[in-house]
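Commentary on secondary and tertiary structure
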Amino acid sequence: MNLENTQVQMRKGILEYCILHIISRGEVYASDMLEELTSVKMMVVEGTLYPLLTRLRKAGLVEYKWVESTGGPPRKYYTLTNDGNEFLDSLDLTWNDLVKSTQRIKKAKQ
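Residues numbered from 1 in each chain as written. Predicted model: local features only at pLDDT ≥ 70, side-chain atom pairs only at ≥ 80, totals over all residues. Heavy atoms only, no water.

1. Section: the overall build of the chain
Scanning the chain from terminus to terminus reveals 4 helices and 3 strands. Start at the N end of the chain and walk to the C end: the helices and strands fall as α-β-α-α-β-β-α. Its C-alpha atoms give the chain principal-axis dimensions of roughly 60 × 30 × 20 Å. Across the 110 residues that make up the chain, the buried fraction comes to 24%. Pairs at least 24 apart in sequence give 50% of the contacts found in the chain among residues at least 6 apart. Summed over its atoms, the accessible surface of the chain is roughly 8100 Å², and 52% of this surface lies on carbon and sulfur atoms. Side-chain charges in the chain split into 15 positive and 14 negative, and the spacing between the mean points of these groups amounts to 9 Å. (Helix = DSSP H or I, 4+ residues; strand = E, 2+ residues; numbered from the N terminus. Buried < 20%, exposed > 50% of the residue type's maximum accessible area, 1.4 Å probe, protein only. Contact = heavy atoms within 4.5 Å. Areas by Shrake-Rupley, 256 points an atom, 1.4 Å probe, with all protein chains shown as cover. Lys, Arg positive; Asp, Glu negative; His and termini not counted. Charge placed at Lys NZ, Arg CZ, Asp CG, Glu CD.)

Next comes the structure, spelled out in structure tokens:
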């Protein structure tokens, strides 16, 4: 098995959850999401982020608005919809269950 491939797959599995949490804090620009995700070693590239944001928008979980920029083209700022907030609340419950289950498995005596 390739350790790096497994690590990448683990990160991809929680990427959507992390992105929804970043957006839940308020309006956010995609490059700011990339910067935050990269700073915490989620290793995300634009080619991964933008299709995911499009899927989240089509699912009705996020929306965006265009904001004029003084230094270039207009920017898309993303926010969660009401459905997105509810979805994230449900994911939080699932995440908490997964963490507890994983901790129990790791601590189990053989």
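2. Quick word on unusual backbone geometry
Not every positive phi belongs to a glycine, and lysine 41 is a case in point at roughly 65°. Its place among the elements puts lysine 41 in the loop between helix 2 (30-39) and helix 3 (46-58).

3. A closer look at the nonpolar core
Counting residues in hydrophobic clusters, the biggest one holds 22 residues, and the most contacted among them are Ile19, Ile23, Met33, Leu49, Leu53 and Tyr78. Every element with two or more residues in this core is listed here: helix 1 (3-24), helix 2, helix 3 and strand 3 (72-80). Sort the elements by how many residues they give to this core and helix 1 lands first, with 6 residues. Those residues in contact with leucine 53 that sit more than four places away from it in its chain are Ile19, Ile23, Ala30, Met33, Val62 and Tyr78. (Core = buried A, V, L, I, M, F, W, Y, C linked by side-chain atoms within 4.5 Å.)

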